[in-house]
Amino acid sequence: MDQFTKIFAEEAHDLIANLEKALLTLNQQPDNQQSVEQVFRIMHTLKGNSSMFGFEAMGQLTHHLETLYEFVRSGQSALTPALLTITLSSVDHFRNLLNDPALQHATTLDQHTQLLGQVESLIREKGQIKTTAIDDLNNKTDGVTYYIKFRPAADIFSNGTNPLYLLDELCHLGNCRAIPRMARVPDLESLEPASCYTNWEVFLATDKGEEAIRDVFIFVEDRCELIIQKIADTDLLLMSAFIEQVKEWGTAEDEIAPEALQSAIVSVFHSSSAQVSGNVKNNNEARGAGKTKENTTSSIRVAADKLDTLLNLVSELVTSQARLSLFAEEHSSPELAAIAENVEKISRQLRDNTFSICLLPLETIIVRFQRLVRDLSVELGKEIVLITEGTETELDKTVIESLADPLLHILRNSLDHGIEDANTRLQKGKPRQGKILLKAFYSGAHVHIQIEDDGAGINPAKIREKAISKGLIHPEANLSDKELFDLIFLPGFSTAAKLTDVSGRGVGMDVVRRKISDLRGEVELQSRVDKGTAITIKVPLTLSILDGLLVRIDHTRYVIPLSVVDKCFEVTHHQLSNTFNNLIVLDGEQVPFCYLRNEFNLTSEAPPIEQVVVIRYEDKRVGLSVDVIEGEYQAVLKPLGKLYRQQELISGATILGDGSIALVMDTNKLIKQYSGSANPSLIS
Amino acid sequence: MKKTILVVDDSDSIRSLVSFTLETAGYTVLTGIDGQDALQYLEDNEISMIITDLHMPNLDGIGFIRQVRTRTNYQFTPILLLTTESQAEKKEEAKQAGATGWIVKPFQQDKLLATVQKLIR
């Protein structure tokens, strides 16, 4: 049973998540009939399943909620905000119940009784309370004899019933004698093979009670004539005289007349002493316990750590494959080359496939946000709606998990500080209801997530003041708006005049930026006073493997993420060394570049011909000079050792096919550091 | 020969539990995730019995039973309904559609088997 409980718990989690989603839709569109249906259906499923798998408390609560939503569904009552609030609290409670089904923790128990009370009072308002009566009728009586007359309707076969099975079942209840009556069977010509013409008379001695007999016929009670009559308080079928009598009745054409029955019983009691006759019992043939599985499922559940292992193995495979390719290159054997090429192709497909398995739609965390926005806007007394776009955008599950907190933080900020209350908004000529738009979309190997609100916006002048007072910038520093907005992400900067419950304490946007950078992502903020604020988060699709350009400077190999590479150029050393202001003309355009040999303090002689890799940096193009471009390379990212964690220019390392190590450049950081233009007036 | 039972339910846990119970008892079990999905099994399998849930997406239990009963091969096949006690009026509707009987959720595994054995041998 345990395995089922586990499946149930997983399924319940999904159901609860769907429930929450449907409820939030209802929150925005209370008359969405489809969502009401969905809520009802989920409640129903939860109720049925939970009590089956031992989650009684959940069954209890869902039962009442189902009743309430039944009213809503049938139009008997409206969907009130109160009901919605209770249901949403119940949703949270269900999650707790999954971990604590028996209400062992005091808090769970409290919550349960409280919710149950609220729900029941809501039902009572409707004046109808259904009770979960589980009929447990144990009318224990021993050896009572019944006379049963069973006359099935002619069409009884048509709903799949076989009357013989019913008689068989009767026989299992105790001592039994059945007499078939076939007087109604017509001539062969007029006989309808799909109709039933036979009646039965049954004598049954059982200790199970009349209820059990009725149970046998429960599926056909409206398709038959059924008379159940208690004829004696003892087991008449143990008396040989009675059995003789039954046999006699059996040979007769007609059914037993009630008077005949009565007199026969009386005479049997008088004349005979009880004689034990053999029990006629059908033995249930033992059934084989063989199993066959023919389950066809469209999806399966896999434990997350299995996926992680798979990912790791694929990473290792990619590394080994690189070695094989290299080896094949060195040994000019066409057969080996063909194999290596094939392996490369397959491992590439395997890699892509495995990654797609590990991708989750952004939707999985959006529900939490919907909930947050609803709860907080109520708490803050503001009217705010969260609109989401592109939530089907898929991201690596680890990325998704790490994104949840920063996104929540940003949303909280928007709710708390961004969007004004209804009155202020009306004064500013904006609609009463504030709007937060969460939009996600792909862009190359990255996913962009934009959170846009139509709130008060941020005044750059205020940031400036604040930054000066905090000593973050020099009073005379001349910063563009963009640079000013960037200051928000610095540690120790918080624009909120006072900290509120909602937007947290002391945890500022710097944490957001740090978390996003950990994912090799970027955050950017744009804002216009009274128009709103937009924050854009850019994160890579996946973390562990990246397509890169393998380059060499001096004796060290580097990997530049292919997603940022724009174009490569071959130039002479002279062109690079003889420039003014580190600008070079490429394709008729002036491109600033970093001469990495100088930046890396390499003293060895530069080759006469060097390469410039042009990188997209923010909205500009910047060149990086390298000695040699070796080719494309799928880099399996490994973290750097402890000693190198502090530096920012290299985001990781990868092992090449020949066993040597290449460093993965973080081009954004690199260019920022060496261009000398980023935040020039920062006091560091 | 082993009898084949078609189990139709949109809930994974119910499907697993019912199939496990039936398979342990020696039946062959086919599962459908909703009425629409289950219809595909009717043609190519000799199904002795059908157990179906009521509320399902795409094609619900009652619609499914109606469809099953239109097929000549399945006019007399027992069909069991998985219901809860709150669905009395649905039960009637399902019976009209051609359901043989029902099992009330929550049910015990042996209760399920008993009900199944009531209808097929």
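Since this is a predicted model, take the numbers as computed values, not measurements.

S.K.: Lay out the overall build of chain B in plain terms, naming residues and giving numbers.
M.R.: The helix and strand tally for chain B stands at 5 helices and 5 strands. When its helices and strands are written in sequence order, chain B yields β-α-β-α-β-α-β-α-β-α. Here chain B holds 121 residues, and the buried ones make up 48% of them.

S.K.: Tell me about the overall build of chain A, and name the residues and values.
M.R.: Across its full length, chain A holds 20 helices and 21 strands. The buried share among the 684 residues of chain A stands at 32%. The long-range fraction of contacts in chain A, counting pairs at least 24 apart against all pairs at least 6 apart in sequence, stands at 70%.

S.K.: Break down the packing of helix α12 (residues 363–380) of chain A against helix α13 (residues 397–418) of chain A for me, with residues and values.
M.R.: Residues and elements named next belong to chain A. Contact geometry of α12 with α13 gives a least axis separation of 10 Å together with a crossing angle of 25°. One finds that α12 runs roughly parallel with respect to α13. With respect to the hand of their crossing, α12 and α13 are arranged in right-handed fashion. Listed contacts from α13 to T364, I365, R368, F369, L372, V373, L376, S377 and L380 of α12 are I400, L403, A404, L407, L408, L411, L415 and D416. When the residues that make up the contact of α12 with α13 are grouped by side-chain class, the tally is 13 nonpolar, 2 polar and 2 charged.

S.K.: Let's hear about the interface of chain B and chain A: which residues, and what values?
M.R.: Each side of the interface is counted separately: chain B has 31 residues, and chain A has 31 residues. Secondary structure elements with two or more residues in the side of chain B that touches chain A: α1 (12–24), β2 (28–32) and α5 (109–119) of chain B. Here the side of chain B that touches chain A takes 7 residues from α1 of chain B, the largest share from any one element. Of the residues assigned to the side of chain B that touches chain A, the class counts are 10 nonpolar, 15 polar and 6 charged.

S.K.: Describe the sheet that holds strand β21 (residues 661–665) of chain A, listing the residues and the values that go with them.
M.R.: Residue and element names in this part refer to chain A. Spatially, β19-β12-β13-β21-β20 is the arrangement adopted by the 5 strands of the open sheet, whose pairing is mixed. The open sheet is flanked by β19 (628–636) and β20 (650–655), the only strands paired with a single partner. Recorded for the sheet is a direction-independent mean angle of 35° between the axes of neighbouring strands. Relative to strand β13 (residues 556–561), strand β12 (residues 545–553) runs antiparallel, the two sharing 6 bridges. Its bridge partner lying in β13, L549 is registered against I560. Docked against the sheet, helix α10 (residues 304–330) engages β12, β19 and β20, running at close to 150° with respect to β19.

S.K.: Before we move on, can you summarise the environment of V614 of chain A with the specific residues and values?
M.R.: All names here are of chain A. Position of V614 relative to the elements: it lies in strand β17 (residues 609–617). Residue classification places V614 among the buried positions, given that 21 C-beta atoms sit within 10 Å. Non-local contacts of V614, meaning those with residues more than four positions away in its chain, are made with D566, K567, F569, L586, V591, R621 and G623.

S.K.: Any details on the sheet that holds strand β4 (residues 224–232) of chain A? Residues and values, ideally.
M.R.: Sheet strands line up and pair through hydrogen bonds in the backbone, either parallel or antiparallel. All names here are of chain A. Spatial strand order, β2-β3-β1-β4: 4 strands in an open sheet with antiparallel pairing. With partners counted over all chains shown, the strands left at the sheet margins are β2 (174–181) and β4, one partner each. Across this sheet, the average inter-strand angle for adjacent strands is 15°, counted without regard to direction. Across 8 bridges, the pairing between β2 and strand β3 (residues 199–206) is antiparallel. Bridge pairing links R177 to F203 in β3. In this fold helix α6 (residues 163–173) packs onto β1 (144–152), β2 and β3, with an angle of close to 20° to the strand it touches most, β3.

S.K.: Describe the confidence of the model for chain A, with residues and values.
M.R.: Residues and elements named next belong to chain A. In the predicted model, chain A carries a mean pLDDT of 79, and 89% of its residues have values of at least 70. Ignoring residues within four places in sequence, the model shows residues 501–506, a span with pLDDT below 50, making 13 contacts including any to other chains. Taken as a whole, residues 677–684 scores under 50 in pLDDT and shows 10 contacts with residues more than four places along the chain or in a different chain.

S.K.: An account of the nonpolar core is requested, with residue identities and associated values reported.
M.R.: Burial of nonpolar side chains together is a common tendency in soluble globular proteins. Residues and elements named next belong to chain A. Counting 38 residues, the largest nonpolar core has V559, I560, F593, C594, V613, I615 and L624 as its most contacted members. Of the residues forming this core, the biggest block, 5 residues, is contributed by β12. Look past the residues within four positions of V613 in its chain and what remains in contact with it is L549, V551, I560, V565, C568, G623, L624 and V626. Listed in part, the 36 residues of the second largest apolar core include L362, I400, L479 and L487.

S.K.: Before we move on, could you go through the environment of Q60 of chain A and cite the residues and values that matter?
M.R.: Residues and elements named next belong to chain A. Looking at the element boundaries, Q60 is found in helix α3 (residues 56–73). You can call Q60 partly exposed: it has 17 C-beta atoms within 10 Å. For Q60 and S50, which are 10 residues apart along the polypeptide, the C-alpha to C-alpha distance reads 9.0 Å.

S.K.: Please set out the packing of helix α2 (residues 33–52) of chain A against α3 of chain A residue by residue, giving values where relevant.
M.R.: Residues and elements named next belong to chain A. Running from amino to carboxyl end, α2 crosses α3 at an angle of 155°, the nearest separation of the two axes being 8 Å. What the angle tells us is that α2 and α3 run roughly antiparallel. In this structure, α2 meets α3 at a crossing whose hand is left-handed. Two secondary-structure elements touch here, α2 through V36, E37, V39, F40, M43, H44, L46, K47, S50 and S51 and α3 through E56, M58, G59, T62, H63, L65, E66, Y69, E70, V72 and R73. Class assignment for the residues of the contact of α2 with α3 results in 9 nonpolar, 6 polar and 6 charged.

S.K.: Any chance you could break down the pairing of strand β18 (residues 620–626) of chain A for me, citing the residues and the numbers?
M.R.: All names here are of chain A. Within β18, 5 of the 7 residues are buried, which leaves it mostly tucked inside the rest of the structure. Bridge count between strand β16 (residues 589–594) and β18: 2 bridges; the pairing is parallel. Following the sheet pairing, C594 is matched in β18 by L624. Two elements, β17 and β18, share 7 bridges in a ladder whose sense is antiparallel. Looking at β18, one finds that V614 is bridged to G623.

Parameters at a glance
Residues numbered from 1 in each chain as written. Chains lettered and ligands numbered in written order. Predicted model: local features only at pLDDT ≥ 70, side-chain atom pairs only at ≥ 80, totals over all residues. Helix = DSSP H or I, 4+ residues; strand = E, 2+ residues; numbered from the N terminus. Buried ≥ 20, exposed ≤ 12 C-beta atoms within 10 Å, placed from the backbone. Contact = placed C-beta atoms within 7 Å. Axes fitted to C-alpha atoms, helices over the stretch in contact; angles between N-to-C directions. Parallel < 35°, antiparallel > 145°, perpendicular 65-115°, else oblique. Left-handed = near helix turned anticlockwise from the far one by under 90°. Nonpolar A, V, L, I, M, F, W, Y, C, P; charged D, E, K, R; others polar. Pairing = 2+ DSSP bridges. pLDDT = per-residue confidence, 0-100. Core = buried A, V, L, I, M, F, W, Y, C linked by C-beta atoms within 7 Å.

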